[in-house]
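Secondary and tertiary structure notes
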Amino acid sequence: MAHYVTIPIPAASLQDLVQRIFEAAGCAPGEAHRVAEHLLGANLAGHDSHGVARVPRYVEWLEKGYVLAGQKVETITDGGGFVLLDGKFGLGQSVAREAAAIGISRAVTSGACIVGLRNAGHVGRIGEYAEQAIRDGILSIHFVNVAGSVLVAPFGGVERRFSTAPFCVGVPLPGDPVLLDFATSRVAEGKVLVASNGGKALPDDALIEPDGSMSGDPHTLYGDYAQVGPRDAAGGLGAIRAFGEHKGSGLAMICELLGGVLTGGGACGPITERGRIANGMLSIYLSPKHFGTEAEFHAAGRSYVDWVRAAKPIDPALPVLAPGDSEARLRADRLANGVPLQPDTWEGIKRCAIALGVAVP
Ligand code: NAD
């Protein structure tokens, strides 16, 4: 197994530094805290692709006006059981959290709510919004796309046609919830970013070159880049591959259609204007209590998931996991031992802080 160097940074001081960076970049303290908490939360869950490695890119987007601080969602349509919201290119962590809160509170009161959100700045790790619902006992399903970010080749193709279009389902159960949360690409773009920063290498068939050959080299996506500095996916000629062959490629198309086209934010391409990207998200919130099956669902769901976990593993050292287990384990470990950052990631955050006049501890 390849070894790569990381620097463990205590979670609390990393969150504090990131919060101060966003305050210096123009966010009010509450919003800066929200973004920092979300990014750190992604690292704690093991999704470094959606963690603090994104800080320089988010700051650059704020500076260029691609994403705006201090936005609230605007209601476009309100049918009670469904609502369509516009995020007005606000920081995704703010507008998506607000949109989720609307859907969750309606599901808690009335049993269900479908929420469309368009034109949200990068909303980050989708699992956070499912966890927000789980805390109120609400089950949620999320179809997401990234308008303006065409990165992924469909099954059988070499040209980019999808965004990394994540899909997520959060199921509240007593004990541990089930949290399925993944990009419909073979790897999230942020994993290519992390690999380009000297982090975990990509599988050697994660990307595809224009001639159809497989690649695990981040240059396939980004072209040439400086070791420390922003990455531009417009720079490369290749694409990330859709996961799961024709099935994953089909789910990616559904995320584009529901998260992007149905909400009015648009599918990922063709790109007319490069620069600004925006998440679209169609979320379904459902209350098992109102469904009338909550007690049975909790008991039978818990015992079913535990039965799946108890399947004999191929390797006795690697027990079968349910979705969400790996995140919970890493969270406990990283809270105790610090968040391991690649040196280039840490350097990028420090440079960003210094450029904004923020002291680095
Ligand atoms: P991934 O490939 O690491 O898969 C994660 C999922 O697989 C989780 O549900 C996890 O619990 C489960 N899992 C992991 N190991 C398992 C095992 N051994 N057994 C059973 N289940 C297991 O995730 P990814 O595709 O790299 O996505 C990373 C993050 O990127 C996600 O949080 C996603 O929401 C986010 N994302 C966001 C955007 C955006 O535009 N905002 C775009 C793409 C991805």
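This report concerns the structure included in the present document. (Residues numbered from 1 in each chain as written. Predicted model: local features only at pLDDT ≥ 70, side-chain atom pairs only at ≥ 80, totals over all residues. Heavy atoms only, no water.)

When helices and strands are tallied, the protein shows twelve helices and 13 strands. Expected size for 361 residues packed as a compact globule is a radius of gyration near 21 Å; at 20 Å, the protein falls within 12% of this value. The principal-axis extent of the C-alpha atoms belonging to the protein is close to 55 × 50 × 45 Å. When the accessible surface of the protein is summed, it comes to about 15900 Å², and 59% of that surface belongs to carbon and sulfur atoms. Averaged over its 31 positive side-chain charges, the protein has a centre that lies 1 Å from the centre of its 37 negative ones. (Helix = DSSP H or I, 4+ residues; strand = E, 2+ residues; numbered from the N terminus. Rg over C-alpha atoms; globule rule 2.2 N^0.38 Å. Areas by Shrake-Rupley, 256 points an atom, 1.4 Å probe, with all protein chains shown as cover. Lys, Arg positive; Asp, Glu negative; His and termini not counted. Charge placed at Lys NZ, Arg CZ, Asp CG, Glu CD.)

On to the environment of Glu-245, then. If you trace the backbone, Glu-245 turns up in helix α8 (residues 245–262). Classification of Glu-245 by relative accessible area gives exposed; the value is 52%. (Buried < 20%, exposed > 50% of the residue type's maximum accessible area, 1.4 Å probe, protein only.)

Here the focus is a nonpolar patch on the surface. A surface patch of nonpolar side chains, amounting to about 330 Å² of accessible area, comprises Met-253, Ile-254, Leu-257 and Val-261. Position of Val-261 among the secondary structure elements: in helix α8. Overall, Val-261 belongs to the partly exposed group, its relative accessible area being 44%. (Patch = residues over 30% accessible without salt bridge, like charges linked within 9 Å, V, L, I, M, F, W, Y side chains within 5 Å. Salt bridge = Lys/Arg side-chain N within 4 Å of Asp/Glu carboxyl O.)

As a matter of local geometry, the ligand sits amid 23 residues, with Asp-181, Ala-183, Lys-191, Gly-324 and Glu-327 nearest to it. One of the backbone nitrogen or oxygen atoms of Gly-324 is found 2.7 Å away from an oxygen atom of the ligand. The side chain of Glu-327 places a nitrogen or oxygen atom 2.7 Å from an oxygen atom of the ligand. At five residues, the largest contribution of residues to the shell around the ligand is made by strand β8 (residues 178–183). For the shell around the ligand, a count of residues per class yields eleven nonpolar, eight polar and four charged. (Near = heavy atom within 4 Å. Polar contact = N/O pair within 3.5 Å; in protein donor to acceptor, adjacent residues only side chain to side chain. Nonpolar A, V, L, I, M, F, W, Y, C, P; charged D, E, K, R; others polar.)

With respect to burial, strand β7 (residues 166–171) is a largely interior element, six of its six residues being buried. Alternating residues of β7 divide into Pro-166, Cys-168 and Gly-170 and Phe-167, Val-169 and Val-171, and every residue in both groups is buried. With four bridges connecting them, strand β5 (residues 139–147) and β7 associate as antiparallel partners. Across the sheet, the residue bridging to Phe-143 is Phe-167, located in β7. What sits between the antiparallel neighbours β7 and β8 is a turn of six residues, in which Gly-175 has the positive phi angle 80°. (Pairing = 2+ DSSP bridges.)

For helix α11 (residues 325–337), which comprises 13 residues, the first-to-last C-alpha distance of 18 Å matches the rise-based estimate of 18 Å (1.5 Å per residue) to within 8%. Buried residues of α11: Asp-325, Glu-327 and Arg-334, and no others. Packing partners of the buried residues in α11 comprise α2 (29–44), α10 (294–309) and β13 (339–341). Two residues or fewer after α11 comes Gly-338, characterised by a positive phi angle close to 95°. (Expected span 1.5 Å × (residues − 1). Contact = heavy atoms within 4.5 Å.)

The peptide bond linking Gly-269 to Pro-270 adopts the cis configuration, its omega dihedral lying at 0°. Positionally, Pro-270 belongs in the loop between α8 and β12 (278–286). Located in the positive-phi region is Ala-165, a residue other than glycine, with phi close to 25°. Along the chain, Ala-165 falls in the loop between β6 (152–153) and β7. Under the relative-accessibility criterion, Ala-165 is labelled buried at 0%.

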